[in-house]
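Observations on the three-dimensional arrangement
Listed here are the chains, written in short residue letters.
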Amino acid sequence: MMFLIKAMETIKFAGIEGEIIESSPHSNYLVVRLSDRITIIGTFSNQFHWEEMPDASSGFESFITYIGVRSIAEAEAVREVILENDGHFHPKEEEPRRSKRVKAFPLELKIRGLTTEFVAEFVAADEI
């Protein structure tokens, strides 16, 4: 019996090698796992009219960040850090939700407006 193993596809985002875990049918966006806790969705065309937050290493014109959390208390602590760093939440997405993008955690926060530099620092801090 022969098995076909698909090689992991990666992309650099803010200098971090991320694993591509999903692509839209027309490749307008990619879902990229940067760490167990942090996943982004980056768009090349920004047809969704997200805030412009370009990243030269990936070619994304903009992105949305998903951060995994284990509890409501942890979500509140992460939320404070996000707000202090100019991140924000869409009014209907302020509360942690059951994880759809960050599979290693039970809950996730969907965050807009973070800089690529902040995301890279957050990934580095989380890996310590």
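Okay, so let's go over this structure. Keep in mind it's a predicted model, so treat the numbers as computed, not measured. (Residues numbered from 1 in each chain as written. Predicted model: local features only at pLDDT ≥ 70, side-chain atom pairs only at ≥ 80, totals over all residues. Heavy atoms only, no water.)

**Comments concerning the side chain of E93**
By secondary structure assignment, the location of E93 is in the loop between α1 (72–84) and β6 (97–98). Within polar-contact distance, the side chain of E93 engages the side chain of R112 at 3.2 Å. Those residues in contact with E93, other than ones at most four positions away along the chain, are K110 and R112. (Helix = DSSP H or I, 4+ residues; strand = E, 2+ residues; numbered from the N terminus. Polar contact = N/O pair within 3.5 Å; in protein donor to acceptor, adjacent residues only side chain to side chain. Contact = heavy atoms within 4.5 Å.)

**Remarks on helix α2 (residues 116–126)**
Listed as buried for α2 are T116, F118, V119, F122 and V123. Buried residues of α2, seen end-on, are gathered within an arc of 160° and therefore sit on one face of the element. Summarising the geometry of α2, the exposed residues directed more than 90 degrees from the buried face are E117, E121 and A125. On its buried face, α2 sits against β1 (10–13), β2 (16–23), β4 (38–43), β5 (62–69) and α1. (Buried < 20%, exposed > 50% of the residue type's maximum accessible area, 1.4 Å probe, protein only. Arc of directions from axis to C-beta.)

**As for α1**
Its 13 residues place the ends of α1 18 Å apart at the C-alpha level, agreeing with the 18 Å of an ideal helix rising 1.5 Å per residue. Among the residues making up α1, those that are buried are A75, V78, R79 and I82. Projected onto a plane normal to the axis of α1, the buried residues spread over an arc of 110° and lie on a single side. Pointing more than 90 degrees away from the buried face of α1 are the exposed residues A73, E80 and E84. The inward-facing, buried residues of α1 contact β5, β7 (107–111) and α2. Positive backbone phi, approximately 65°, marks D86, located one or two places after α1. (Expected span 1.5 Å × (residues − 1).)

**With respect to the pairing of strand β3 (residues 29–33)**
Burial analysis of β3 places 4 of its 5 residues in the buried class, which makes it a mostly covered element. As judged from the 4 bridges shared by β2 and β3, these two strands associate in the antiparallel manner. Residue pairing in the sheet places I20 in a bridge with V32 of β3. Here β2 folds back onto β3, and the loop between the two strands holds 5 residues, one of which, S27, carries a positive phi near 60°. Bridge count between β3 and β4: 5 bridges; the pairing is antiparallel. From the neighbouring strand, V32 faces β4, where its bridge partner is I40. Counted along the chain from β3 to the antiparallel partner β4, the turn is 4 residues long. (Pairing = 2+ DSSP bridges.)

**Structural notes on the side chain of R79**
With respect to the helices and strands, R79 occurs in helix α1. The exposure class of R79 is buried, given its relative accessible area of 16%.

Spatial relationships are all this shows, so hold off on functional conclusions.
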